[in-house]
Every structure is written in C-alpha cells, then in structure tokens.
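Inside the fold
One letter stands for each residue in the lines below.
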Amino acid sequence: MENTAKTTAAPESKPEKKKKLFSAIQPSGEPTLGNYLGAIRNYVALQDDFDCVFATANLHAITVRQDPKILMQNTHNLYALILACGIDPKKCIFYHQSMVAAHTELSWVLSTFTQFGELSRMTQFKDKSKTHADNINAGLFTYPVLMAADILLYQADVVPVGADQKQHLEIARDIAERFNGNFGKTFVVPDAYIPKNCARVMSLTEPNKKMSKSSDNKKSFILMTDEPSVIVKKFRSAVTDSEARVYYGEGKDGINNLMDIYSACTGLNFEQIEAEFEGKGYGDFKNAVGEAVASLLEPIHKRYKELISDKAYLEQCSRESAEKAAYIAKRTIDKVYKKVGLPRM
Ligand code: TYM
C-alpha cells in the first residue's frame, strides 16, 4: 500500500476500502496438492487484506458428465475442506455457484460479447475436447464466459488462480473492456494473482504435465485428503532423473517440481534446499518432501474431520453466504440489464 504520511490525516477520514477478490474451484473430484498450493493457500493468505468472495464452481463442473449424487457429495466435501484450510466464513463470502442465479444470467449477456474465435483458442477447451471427445458440449466451449461472469459480477480487482487459469483471466479482462467500451464503465477489469511458487504443480509421474485430479494414474497426484503414509509413498515413487543430485535446472522437471513443493512447504529457497541435500541421494530428498507435505496437510485433515460431519453448520454457512453474494450480484446484473436494454422484475 502506498505511503500517504505526507498529508495530515483528517481525524474523521473513512477507513480505506478494501479491494475485492473473487475465486472459485470446481467440485469435480477431490482437490489436489496443486489446487492447494496454487490457489487455496492464497485464498487463506489474502482473506484479511481483501473483501473476499469464494465459490465452489459446480456449474462449471457439469461441463463434464457428473453423477448427481457424487457431484453433491463432492461439493459438500470441498466446501468443508476449504473451510478446514482456514477460510473464515465470518470474514469471507463462500457459497456454491449454483445458489446465485445471477452467474448464469450474466454469462448469457457476456456470451454475446465474446467471439467464437477467441473461445476456440482456449487451451483448456482444446485439451478437454481431446479427453472428453464423446461430449464436446456447448458448455465446455463457453466455460470461460461463465468464469468471466463469476468474476465480473462481484467487481473483483484480484483473482487468485494457478497458472493454468491465466488465459481464462485474460479473456475475462477482454470481455470486461469490450463491454465497458460499449456501454461505459460497468465492470472492474480484474487482475490475476498467480503465485511465484507452485503456480503449476506438476504430475509426480509425468513431471512435464500439470498435476490433475482427472489423471487415470493415482500415483501422479496427491489428494488433499490422502493419508500421510499414502503421501510419503507417492512421493517415493515420483519420477526424477538419473543424475542423483538435488538442484534446480534444465531437464530436471521432476526434481524442479519437488523442489518447488518442498520450498512451498518449508519456506526454504532453492539454494538452501540444494545445501540441505548436498551429497544425499534422491531417496532422502523424496522422503523429506513427502513428510513436509504430510505435515503441512495434517492440521487441515484434523479440522476437516471435525467439519465434515456437521452438515447443518456447512449448509447454514453456504446459505448465509449465498444470500450476501446474491445481494451484491444483483446490483451488477440490474445495472447490466439496464445498460443493454432488458426489462427486469
Ligand atoms: P480448478 O477447479 O481446475 O482449480 C482450482 C484452482 O486450482 C488451481 N490449480 C493449480 N495450481 C497449481 N498447480 C496445479 N497443478 C493446479 N491445478 C489447479 C487452478 O489454477 C485454480 O486456481 N475454472 C476454474 C474455476 C473457476 C474460477 C472462476 C476460478 C470458475 N470460476 C472464477 C477463478 C475465478 C477451474 O477450473 O479451477
């Protein structure tokens, strides 16, 4: 924050308004260590400095076919897990995307300000079209428009995400600018907040690919709810290289990824990690990374086990938050409809 000490502060000046933050995460399966280090951890770190709105992106999740019961269960579990990570529902708004109708309403309007060509260039759409070749539905294609609506509804200044969402943030900015250009300033143009460390946590078995819960190989990802022994075991079988020297460098994707993760867990920089494992083999290093991750997740597991059984509390939290979210969202959607020339109840 800029230093404004040069002027005498008026004794009755209002406290500075916090900037707004929005982010969301899909309940399509269980979240991974990549979700945690790339995004969720930053939600928690930023919640005191911003007015935060978070959502489970369950409308996004149905772009891939879901079993309704499992989707509902995953949504509930994800909500509890994110609270267990330290999101405080008294400070933040945190609800399920499907509870606030304005997301889909704004998405439709914004889709008319989005070009077919720009959606066709989205790498996630291209990737998912390959992995779900039997169901390349329109929702998969317009997915970034709904994401733009999520963000723009709350006039978010900042959106914490992993590096894989950068392209979607760019299109959200383009849509906001295009709409503002047509109708005058309506939306805040959001900035992505991508962490320096762990913006892209890689697969443990194919370290040139992103760690993803949708991978068929269970050894490739760490689930946030994996037991400590499972975490250590998965790290022990992580793919590395044949050099047997721990340092960050070209052609060492596996070790680079483990160093990135270890650094995020311990706060050590790469030089310190290299010094710690000087003269030691990869076995020691992989064990250390596994144990560091297990102890990072241990307090989250403990809190999660307490929260998950309290269904009434979780439902009350999400409902109360959804009401607050709907109130904020209504201001934006009313303004948008008016500007576009659409009557509204
Ligand atoms: P999703 O559910 O795939 O992932 C949630 C968040 O986790 C980050 N992430 C990763 N970060 C580092 N390394 C990884 N291997 C890794 N895998 C996932 C993602 O970048 C993301 O920040 N479209 C979004 C959900 C969404 C959203 C939004 C996000 C819907 N509306 C509005 C921000 C704003 C998604 O699929 O994230």
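Residues numbered from 1 in each chain as written. Predicted model: local features only at pLDDT ≥ 70, side-chain atom pairs only at ≥ 80, totals over all residues. Heavy atoms only, no water.

Turning to the overall build of the chain, a few remarks are in order. A count of helical and extended segments in the chain gives 13 helices and five strands. The C-alpha radius of gyration of the chain comes to 22 Å, within 12% of the 20 Å expected for a compact globule of 345 residues. C-alpha extents for the chain along the principal axes are approximately 70 × 65 × 45 Å. The 345 residues of the chain split such that 48% are buried. Long-range contacts, defined here as pairs at least 24 residues apart, represent 75% of the contacts in the chain between residues at least 6 apart. For the chain, the accessible surface area stands at approximately 17,900 Å², while carbon and sulfur atoms represent 52% of it. One finds the centroid of the 45 positive side-chain charges in the chain at a distance of 5 Å from the centroid of its 42 negative side-chain charges. (Helix = DSSP H or I, 4+ residues; strand = E, 2+ residues; numbered from the N terminus. Rg over C-alpha atoms; globule rule 2.2 N^0.38 Å. Buried < 20%, exposed > 50% of the residue type's maximum accessible area, 1.4 Å probe, protein only. Contact = heavy atoms within 4.5 Å. Areas by Shrake-Rupley, 256 points an atom, 1.4 Å probe, with all protein chains shown as cover. Lys, Arg positive; Asp, Glu negative; His and termini not counted. Charge placed at Lys NZ, Arg CZ, Asp CG, Glu CD.)

What follows is about a positive patch on the surface. Judged by side-chain charge, Lys-17, Lys-185, Arg-331 and Lys-335 come together as a positively charged surface patch. When you line up the elements, Lys-17 lands in the segment before β1 (19–25). (Patch = residues over 30% accessible without salt bridge, like charges linked within 9 Å, V, L, I, M, F, W, Y side chains within 5 Å. Salt bridge = Lys/Arg side-chain N within 4 Å of Asp/Glu carboxyl O.)

The next subject is the site of the ligand. Residues in contact with the ligand amount to 26 residues; listed here are only the nearest, Gln-26, Tyr-143, Asp-150, Asp-164 and Val-201. Take Asp-150: an N or O atom from its side chain is 2.6 Å from a nitrogen atom of the ligand. One of the backbone N or O atoms of Gly-162 is found 2.8 Å from an oxygen atom in the ligand. Out of a free accessible area of 710 Å², the ligand has 97% covered by protein chains. If you list the elements that add at least two residues to the shell around the ligand, you get β1, α1 (33–46) and α7 (138–153). The class makeup of the residues in the shell around the ligand is 14 nonpolar, eight polar and four charged. (Near = heavy atom within 4 Å. Polar contact = N/O pair within 3.5 Å; in protein donor to acceptor, adjacent residues only side chain to side chain. Nonpolar A, V, L, I, M, F, W, Y, C, P; charged D, E, K, R; others polar.)

Now for the side chain of Lys-234. Tracing the chain through its elements places Lys-234 in helix α9 (residues 228–236). Residue Lys-234 is classed as buried on the basis of its relative accessible area of 10%. Looking at Lys-234, its side chain comes within polar contact range of the main-chain oxygen of Phe-221, at 2.8 Å. At 2.7 Å, the side chain of Lys-234 forms a polar contact with the side chain of Asp-226.

Turning to the pairing of strand β2 (residues 50–56), a few remarks are in order. Burial runs high along β2: six of the seven residues are buried. As defined by bridge partners, β1 adjoins β2 across seven bridges and the pair is classed as parallel. Across the sheet, the residue bridging to Ile-25 is Thr-56, located in β2. Note: β2 against strand β3 (residues 93–96), four bridges, orientation parallel. Each residue of the ladder has a partner; that of Val-53, found in β3, is Ile-93. (Pairing = 2+ DSSP bridges.)

With that out of the way, let us pick up the pattern of salt bridges. By the definition in use, this model includes 13 salt bridges. A salt bridge links Lys-210 to Asp-164, with the nearest nitrogen and oxygen atoms 2.9 Å apart. Of the two residues, Lys-210 is situated in the loop between β5 (191–193) and α9 and Asp-164 in the loop between β4 (158–160) and α8 (166–183); the sequence distance between them amounts to 46 residues. For Asp-334, the salt bridge identified is with Arg-344, shortest N-O distance 2.6 Å. Of the two residues, Asp-334 is situated in helix α13 (residues 311–340) and Arg-344 in the segment after α13; the sequence distance between them amounts to ten residues.

Structurally, the chain comprises domain 1 (20–198 + 311–340) and domain 2 (218–308). If you look at the interface, domain 1 gives 20 residues, while domain 2 gives 18 residues. Carbon and sulfur atoms make up 70% of the surface buried where domain 1 meets domain 2, a total of about 1,700 Å² over both sides. Taken together, domain 1 and domain 2 are joined by zero salt bridges. Where domain 1 packs against domain 2, one counts seven residue pairs in polar contact (both at pLDDT 80 or more). At the level of secondary structure, the elements contributing two or more residues to the side of domain 1 that touches domain 2 comprise α1, α3 (68–85) and α13. Tallied by class, residues from the side of domain 1 that touches domain 2 come to 13 nonpolar, four polar and three charged. (Domains from an automatic or database assignment. Buried area = accessible area lost by both parts, 1.4 Å probe.)

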